[in-house]
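As a plain string of letters, each chain reads:
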Amino acid sequence: MRRFTIPVVLGVLATLFVTALAFAAPRFGGRGPENVWGPQEGRGMRWGLGSITLSDEQKAKILDIEKNFLTKAADLKAQIQVKVLELRELQLKEATQEVAESIRAKITEILNLQEELSSLRKDMYQQILGVLTPEQLKNLPPFGWGMGKRGPEGFCPRFF
């Protein structure tokens, strides 16, 4: 009995130790601390705005732009979800030429809606840039795909 107990106890202790380490590790991702306009964290970094100082008026305008975008984007995302469900229903049908053409058409509709959503994001970003002063634009760091540090050392804002 003793030969069996010691390995089990050691296994349980090792599992608890690894679990404790996992919970103690720093978190990556998420929305950041409460100060969303701070220099290194929160929502201001999403558009690359964390490194510049924004006035209260600029913050309010940017929030209005984001709110407008989110209401339009919610409608597009709902349409995309409906089209995806319709596509899945088509994929469950027996394979015929008509079904294949319907699937291609549905995929095209989904891609068009996704392109419209991407265009809406780009328009919102251009509106946000329109709120900034020329000096703020000059101090705005480059960001987008492939820009900035990645992993534990830094944060690379994803936009497009």
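Everything quoted here is computed from the prediction, not taken from an experiment.

On to helix α3 (residues 97-131). Owing to its 3.6 residues per turn, the α-helix aligns residues three or four sequence positions apart on the same side. End to end, α3 covers 52 Å across 35 residues, agreeing with the expected 51 Å (1.5 Å per residue, within 8%). For α3, the complete set of buried residues consists of Val99, Ile103, Lys106, Ile110, Leu113, Leu117, Leu120, Met124, Tyr125, Ile128, Leu129 and Val131. Its buried side turned inward, α3 meets α2 (56-92) and α4 (134-139).

The subject of this paragraph is the packing of α2 against α3. For the pair α2 and α3, the least separation of the axes is 10 Å and the interaxial angle reads 175 degrees. Of the possible angle classes, the one that applies to α2 and α3 is roughly antiparallel. Class assignment of the residues belonging to the contact of α2 with α3 gives a composition of 19 nonpolar, six polar and 10 charged.

Relative to the assigned elements, glutamine 58 resides in helix α2. Of the polar contacts made by the side chain of glutamine 58, one reaches the side chain of glutamine 136; its length is 2.6 Å. Discounting chain neighbours no more than four positions away, the residues touching glutamine 58 are Thr53, Val131, Leu132, Thr133 and Gln136.

Conventions and cut-offs
Residues numbered from 1 in each chain as written. Predicted model: local features only at pLDDT ≥ 70, side-chain atom pairs only at ≥ 80, totals over all residues. Heavy atoms only, no water. Helix = DSSP H or I, 4+ residues; strand = E, 2+ residues; numbered from the N terminus. Expected span 1.5 Å × (residues − 1). Buried < 20%, exposed > 50% of the residue type's maximum accessible area, 1.4 Å probe, protein only. Contact = heavy atoms within 4.5 Å. Axes fitted to C-alpha atoms, helices over the stretch in contact; angles between N-to-C directions. Parallel < 35°, antiparallel > 145°, perpendicular 65-115°, else oblique. Nonpolar A, V, L, I, M, F, W, Y, C, P; charged D, E, K, R; others polar. Polar contact = N/O pair within 3.5 Å; in protein donor to acceptor, adjacent residues only side chain to side chain.

Distances and angles like these do not, on their own, reveal function.
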